[in-house]
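If you want the building blocks of each chain, they are given just below.
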Amino acid sequence: MSGINLGIIGGGQLGSMLSEAAKKLNIKTIIYCDDIDAPAQNFCEQFIYGDYNDKNKIQEFVNKVDLITYEFENIPFETLCEINKIKKVIPKPSINKLIQHRLTEKDFINKLNIRTTKYASVERKTDIEALGDFLPGILKTTTLGYDGKGQYRIKSKQDLNSLNIDFSKGYILEKLVKLKKEISVIITRFSNNSYEIYEPIENIHEDQILKYSKIPAEINKRLFDESKEWSIRIAEELKYIGTLCVEFFIDRNENLYVNEIAPRVHNSGHLTINAFNISQFENHIRAVCSLEKVPLKKISNAKMINLIGNQIIPYRKNLKVDDNQFFFDYQKKEVKTKRKMGHLTTLI
Ligand code: ADP
Ligand code: MG
């Protein structure tokens, strides 16, 4: 028995899969989430429901655990700092603060001499009108966006009249990259220059939501090496502990750009559960709990499809899957359009 009680903030599917990986390592997970229906309560040892600003509830949570990690990056920075004064939060809160904000995140990446698309800060409509060559582009809220939420596609300045944009929030305008492909690289860093890195994963999005992932990514050797090298550089510079994902764009001229960094396990890495000896989830638990680093071994090529909204229904009704297929139901109570309900991984 390891005897470790690991606190996880956030109770979605990532929290569930982290809990399952922890169980395998004899680590107990206690999940804190602001959603009373959080699906991860079906997978963890103990579940605490409370607001992310509820000091008493958070204290109750902190008392029960030895250390804390998180499954999503949008936790108030102040909350993470308060917790970190009592029990260690890994990855450290300062990393979360940097990456939570799309402008500071992109400034950080560019400082490392790593390419991103052109971007600018936008606080009011006239800021966009005054900008030069940024369109067609995507306007994104600087904080709290996921799965394409809080994003507006803007083709030309005329579009600004028809779009009803809430300028009480801060935005970033990104020039649209003419996409050939999207890939992601998942890396788990244990300590200085000690990490395990997965090969690049190729991703297809529909309506800005991830739909398919597969390995191997069909990319040339330069892109394969460069995407891994950039990911290592980012993880080292952050002195990151745990699993991190870097999302990349490849344009039609085969230029590589970092889209964004996720300071956590990532949807594109779900196939690592079946395609590798150690999944991104198990590696995260191993790194944050200071367990042994086991060399990664690939078991198989794989593809994963996200089951979104009512696509889950036939699988729930006992639709047969083949021996090389693995179906995951996140056990979310309510089926909603655009909601990730489960996934299916096929070893190929
Ligand atoms: P989220 O935080 O919601 O994942 P992303 O910034 O990753 O937001 O955007 C979601 C998807 O939208 C991307 O994976 C990509 O398909 C598309 N997208 C976002 N920004 C750009 C861009 N600048 N150029 C081209 N496509 C983009
Ligand atoms: Mg993204």
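Residues numbered from 1 in each chain as written. Chains lettered and ligands numbered in written order. Predicted model: local features only at pLDDT ≥ 70, side-chain atom pairs only at ≥ 80, totals over all residues. Heavy atoms only, no water.

### As for the packing of aromatic side chains
Within the structure shown, the criterion is met by eight aromatic pairs. Consider the rings of Tyr 32 and Tyr 52, whose centres lie 6.1 Å apart with planes at 45°: the pair is tilted. Taken as a pair, Tyr 32 in strand S2 (residues 28–33) and Tyr 52 in the loop between strand S3 (46–49) and helix H2 (55–64) lie far apart in primary sequence, 20 residues in all. You can call Tyr 32 buried: its relative accessible area is 1%. (Phe/Tyr/Trp six-rings, centres within 6.5 Å; stacked < 30°, edge-to-face > 60°. Helix = DSSP H or I, 4+ residues; strand = E, 2+ residues; numbered from the N terminus. Buried < 20%, exposed > 50% of the residue type's maximum accessible area, 1.4 Å probe, protein only.)

### Comments concerning the pattern of salt bridges
Tallied over the entire structure, the rule returns 23 salt bridges. A salt bridge links Glu 123 to Arg 124; the shortest N-O distance between them is 3.8 Å. Owing to a relative accessible area of 48%, Glu 123 belongs among the partly exposed residues under this scheme. Accessibility expressed as a relative area gives 45% for Arg 124, which makes it partly exposed. Between Glu 174 and Lys 140 there is a salt bridge; the shortest N-O distance is 2.9 Å. Of this pair, Glu 174 sits in strand S9 (residues 171–175) while Lys 140 sits in strand S7 (residues 137–141); the two residues are 34 residues apart in sequence, bridging distant segments of the chain. Both residues of the pair, Glu 174 and Lys 140, belong to the buried class. Residues participating in the shared-partner salt-bridge network are Lys 24, Glu 282 and Arg 286. (Salt bridge = Lys/Arg side-chain N within 4 Å of Asp/Glu carboxyl O.)

### Let's talk about the sheet that holds strand S6 (residues 119–122)
Reading across the sheet, the four strands line up as S6-S9-S7-S8 and stay open at both edges, with antiparallel pairing between neighbours. A strand with exactly one partner marks an edge of an open sheet, and here the two such strands are S6 and strand S8 (151–154). Shown here is a sheet whose adjacent strand axes are inclined to one another by a mean of 25°, direction ignored. The pairing of S7 with S8 spans four bridges and is antiparallel. By the bridge assignment for S8, Leu 139 is matched with Tyr 152. Where helix H5 (residues 102–111) meets the sheet, it contacts S6, S7, S8 and S9, and its direction lies at approximately 155° from that of S6. (Pairing = 2+ DSSP bridges. Axes fitted to C-alpha atoms, helices over the stretch in contact; angles between N-to-C directions. Contact = heavy atoms within 4.5 Å.)

### Quick look at the coordination of the magnesium ion (ligand 2)
Ligation of the magnesium ion (ligand 2) by protein atoms is provided by Glu 247 (OE) and Glu 260 (OE), these donors lying 2.0 to 2.3 Å from the ion. Highlighted residues: Glu 247 in strand S14 (residues 242–251) and Glu 260 in strand S15 (residues 256–262), separated in sequence by 13 residues. By relative accessible area, which is 12% here, Glu 247 ends up buried. (Donors = N, O, S within 2.8 Å, 3.2 Å for Na, K, Ca; no water.)

### Examining the domain arrangement of the protein
Examined at the domain level, the protein breaks down into domain 1 (5–89), domain 2 (118–175) and domain 3 (179–347). Centre-to-centre, using C-alpha coordinates, domain 1 lies 22 Å away from domain 3. Domain 1 puts 20 residues into the contact, and the matching count from domain 3 is 22 residues. For the pair domain 1 and domain 3, the summed buried surface comes to about 1,900 Å²; carbon and sulfur atoms form 69% of the total. Interface area lost by domain 1 to domain 3 is led by Gln 13, Met 17 and Leu 25, which between them contribute 27%. On the surface where domain 1 and domain 3 come into contact, there are three salt bridges. (Domains from an automatic or database assignment. Buried area = accessible area lost by both parts, 1.4 Å probe.)

### Here's the deal with unusual backbone geometry
The step from Ile 90 to Pro 91 runs through a cis peptide bond, and the omega angle for that step is -5°. Within the secondary structure, Pro 91 sits in the loop between strand S5 (88–89) and helix H4 (93–100). Cis geometry marks the peptide bond from Ile 215 to Pro 216; its omega dihedral reads 0°. Tracing the chain through its elements places Pro 216 in the loop between strand S13 (209–215) and helix H8 (221–238).

### As for the nonpolar core
Grouped burial of nonpolar side chains is what soluble globular proteins tend to show. Ranked by internal contacts, the top residues of the largest apolar core, which has 39 residues, are Leu 6, Ile 9, Ile 27, Phe 61, Ile 68, Ile 285 and Cys 289. If you list the elements that add at least two residues to this core, you get strand S1 (5–9), helix H1 (13–24), S2, H2, strand S4 (67–70), helix H3 (77–86) and helix H10 (280–288). Per-element tally for this core: the top contributor is H1, with five residues. Mapping this core onto the domain boundaries places at least three of its residues in each of domain 1 (5–89) and domain 3 (179–347). Ranked by size, the runner-up nonpolar core spans 25 residues in total, among them Val 185, Trp 230, Tyr 240 and Phe 248. (Core = buried A, V, L, I, M, F, W, Y, C linked by side-chain atoms within 4.5 Å.)

### Let's talk about the packing of H2 against H3
Relative orientation of the contacting elements H2 and H3 amounts to 40°, with a least axis distance of 11 Å. On the basis of their axis angle, the class for H2 and H3 is oblique. Considering only the axes of H2 and H3, their crossing is right-handed. Residues Ile 58, Gln 59 and Val 62 of H2 form the contact with H3, whose own contacting residues are Thr 79, Ile 83 and Ile 86. Tallied by class, residues from the contact of H2 with H3 come to four nonpolar, two polar and no charged. (Parallel < 35°, antiparallel > 145°, perpendicular 65-115°, else oblique. Left-handed = near helix turned anticlockwise from the far one by under 90°. Nonpolar A, V, L, I, M, F, W, Y, C, P; charged D, E, K, R; others polar.)

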